[in-house]
Amino acid sequence: MEKQVLNRRKDVELFEAIRREYQFGEGTVKGVARKFGVHRRMVREALADAVPKQRKIIARARPKLEPAVPFINAILESDLKAPRKQRHTAHRIYNRLLAEKPEIKVAEATVRAYVRSQKVKIGLIHRETFVPQSYTWGQEGQVDWYEMVAELGGERQKVQIFCLRSMAGAGAFHHAYPHASQQAFLEAHELAFHYFGGVFRLLRYDNLRSAVQKILRGSQREETARFVAFRSHWGYEAEFCTPARGNEKGGVEGEGGFFRRNHLTPVPTARDYEHLNELLREASAEDERRVVGERTISVGAGMALEREYLLPLAKEGFDLAAVKFPVVNTSGCIRVLTNWYSVPLAAGTEVEAKIHATYIEVWRQGKCVARQERCFGRQQKVLDLNHYLEALERKPGALAGATALEQWRTQGKWPASYDRYWEGLKQRQGKQAGTRAMIEILLEGQKHGAERLRQAIERALELGCSDKAAVEYLLTEEKAEKKIPEAIELGALLAYERPQPTMAAYDQLLQNTPVEVIQ
């Protein structure tokens, strides 16, 4: 079709040149035909009408393709019953034709053109007409996840981005998570509501596992209990798209593609997820200055206007954490979902584990006893050496081979200075006593923080100390240090100042006194 339009444009331009040449140049049909290298009939046609007549499209014979038509048609017919993602492409059909029918010599472009026309004819390709939609302020938002790659802490990793887009104002909220979990899904909603300053009356979703438990007939869905409670808490309605029909939420689909191309290319670099989300927020603020489509105001102005039409924010946030009640095993760990996390409690203790989007909290008797970064692997152990120090105090020999110590070394929480100081303690006090002293130092360091402990140990190494008491003193050195009092302006009190007394008169008396030596 594009080729036909292009050829017709060239014909119109040629007709214009012929008419101009006849009027201001050669002046004869024969002369114009000779100059442009065309037949005299075309010159007369151009002089009669500036618009070329539509040419009849004559079906051309395809002698080389005809032997391949039954083979191609059979493949396309079988594709009608095949899974959508396992149907033949035109290139795959051409490769099969070369392998299975080597006697048929036909160009790939010819096969592609025929396959395209046949797919439309038998219904493998649908050419739909999409109806443009209009949206009222505050009425609808669309939600989706999309994936990108980012360099976090010097390491490339896949990142899941939550996106909520306003359909009336075109404003969008983007937030990054390591995993598209249900806790991240719900937390991102609340962050988006605060970003927009209110709640949309309707949110449109894909069939996300965080929200949909089972797809029923038509548009009906069996939603997860937590999603229903969350939706009820914030007071909005939810609608779900037909499976595999992303065009039903084309606004957020297009937003994800635009944002990835314009703000996430090249691959963004950040220290951690907190820093990455700061970069995403800055990019969203930059987008607020642009005007989208046929709108007459900028995205930021639209967001400010739409804020008045949104539902008000709830007074309190929804309790986003999923709750489990595991029991501490003999290794000092609890099982949360598919992974194990260490806790500083005795074996057999039942605890309350609160699962958030990026971390796990462990509660006991109304007190948070541990907080660990959430692991999204399977059958992994997330251990904190601090949780084992009391047990190691009774079993100091287990420290050297402790898995928790190895994890600390991998994570950079056990500097080389710790090993040097530990070695000095063992040389001075013996292996067992020196290791127990190191454990006691780590226990004392819990009261002051990891950074303060590291500074104290490195300072003790500089001073050449190899004693537990030295580190304990350096940990509290700032508090024990006496401050020099500041000078006070005496002012009028200087009038009462007197010189210091002299003892010279008494020295004269001592010269006239006989000295007796007592035997």
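Residues numbered from 1 in each chain as written. Predicted model: local features only at pLDDT ≥ 70, side-chain atom pairs only at ≥ 80, totals over all residues. Heavy atoms only, no water.

A. Representation of the overall build of the protein. A count of helical and extended segments in the protein gives 19 helices and 15 strands. Buried residues in the protein amount to 37% of all 519 residues. Within the protein, counting contacts between residues at least 6 apart in sequence, those at least 24 apart form 59% of the total. By element, 50% of the accessible surface of the protein is carried by carbon and sulfur atoms, the whole surface being about 33,300 Å². (Helix = DSSP H or I, 4+ residues; strand = E, 2+ residues; numbered from the N terminus. Buried < 20%, exposed > 50% of the residue type's maximum accessible area, 1.4 Å probe, protein only. Contact = heavy atoms within 4.5 Å. Areas by Shrake-Rupley, 256 points an atom, 1.4 Å probe, with all protein chains shown as cover.)

B. Inspection of the confidence of the model for the protein at higher detail. On average, residues of the protein score 85 in pLDDT, and 89% of them are at 70 or above. Mean pLDDT in the protein bottoms out at strand 5 (residues 212-215), which sits at 51, and peaks at strand 3 (residues 172-177), which reaches 95. Here residues 214-221 is modelled with pLDDT under 50, and outside its nearest four sequence neighbours on either side it reaches 14 contacts, counting other chains as well. (pLDDT = per-residue confidence, 0-100.)

C. Structural view of a nonpolar patch on the surface. Side chains of Ile 297, Leu 305 and Tyr 309 sit close together on the surface and give an oily, nonpolar patch of about 230 Å² of accessible area. Mapped onto the fold, Tyr 309 is located in the loop between helix 11 (299-306) and strand 9 (322-324). On the basis of relative accessible area, Tyr 309 is assigned to the partly exposed category, the value being 40%. (Patch = residues over 30% accessible without salt bridge, like charges linked within 9 Å, V, L, I, M, F, W, Y side chains within 5 Å. Salt bridge = Lys/Arg side-chain N within 4 Å of Asp/Glu carboxyl O.)

D. Looking closely at a negative patch on the surface. Taken together, Asp 272, Glu 274, Glu 278 and Glu 282 make up a surface patch of like negative charges. On the basis of relative accessible area, Glu 282 is assigned to the exposed category, the value being 53%. (Lys, Arg positive; Asp, Glu negative; His and termini not counted. Charge placed at Lys NZ, Arg CZ, Asp CG, Glu CD.)

E. Region of interest: the pairing of strand 12 (residues 352-355). Where burial is concerned, the two faces of strand 12 differ: the one with Ala 353 and Ile 355 is buried and the one with Glu 352 and Lys 354 is not. The sheet contact formed by strand 9 and strand 12 spans three bridges and is antiparallel. In the strand pairing of strand 12, Ala 322 is matched with Ile 355. By the bridge criterion, four bridges tie strand 12 to strand 13 (residues 359-364) in an arrangement that is antiparallel. (Pairing = 2+ DSSP bridges.)

F. Highlighting the pairing of strand 13. Where strand 12 hands over to strand 13, the hairpin turn is made up of three residues, counted between the paired strands. Here strand 13 pairs with strand 14 (residues 367-373) via six bridges, running antiparallel. Bridging across to strand 14, Arg 364 finds its partner in Lys 367. The turn linking strand 13 back onto strand 14 is made up of two residues, and Gln 365 within it adopts a positive phi angle of 55 degrees.

G. Region of interest: the sheet that holds strand 14. Strands sit in the order 9-12-13-14 across an open sheet of four strands; the sheet is antiparallel. Since the sheet does not close on itself, it has two edges, and those belong to strand 9 and strand 14, each with one partner. Within this sheet the neighbouring strands show an average axis-to-axis angle of 25 degrees, counted without direction. (Axes fitted to C-alpha atoms, helices over the stretch in contact; angles between N-to-C directions.)

H. Molecular detail of the sheet that holds strand 15 (residues 381-382). Taken together, three strands build an open sheet; the order of strands is 10-11-15 and the sheet is mixed. Across the chains shown, the open sheet's two edge strands, defined by having one partner strand only, are strand 10 (333-336) and strand 15.

I. Inspection of the packing of aromatic side chains at higher detail. Inspection of every chain in the model, using the stated rule, returns 17 aromatic pairs. When the ring of Trp 145 is compared with that of Phe 162, the centres are 5.7 Å apart and the planes differ by 75 degrees; the resulting orientation is edge-to-face. Of this pair, Trp 145 sits in strand 1 (residues 140-152) while Phe 162 sits in strand 2 (residues 155-166); the two residues are 17 residues apart in sequence, bridging distant segments of the chain. Taking 6.5 Å as the distance between ring centres and 50 degrees as the angle between the ring planes, the aromatic pair formed by Phe 230 and Trp 234 counts as tilted. With Phe 230 and Trp 234 both in helix 8 (residues 225-234) and four residues apart, the pair spans about one turn of that helix. Judged by its relative accessible area of 0%, Phe 230 falls in the buried class. An aromatic cluster is present here, built from Trp 145, Phe 162, Tyr 177, Phe 185, Tyr 205, Phe 227 and Phe 240 joined pairwise through their rings. The ring of Phe 258 has Arg 290 sitting right over it, with the charged end atom 3.8 Å from the ring centre. (Phe/Tyr/Trp six-rings, centres within 6.5 Å; stacked < 30°, edge-to-face > 60°. Lys NZ or Arg CZ within 6 Å of the ring centre and 35° of its normal.)

J. Representation of unusual backbone geometry within the structure. In this structure, Pro 266 follows Thr 265 across a cis peptide bond, with omega equal to 0 degrees. Counting through the fold element by element, Pro 266 comes out in the loop between helix 9 (250-263) and strand 8 (269-270). A positive phi is found at Gln 365, a non-glycine position, where the angle reads about 55 degrees. Within the fold, Gln 365 resides in the loop between strand 13 and strand 14. You can call Gln 365 exposed: its relative accessible area is 73%. One non-glycine residue with positive phi stands out, namely Gln 379, at about 60 degrees. With respect to the helices and strands, Gln 379 occurs in the loop between strand 14 and strand 15.

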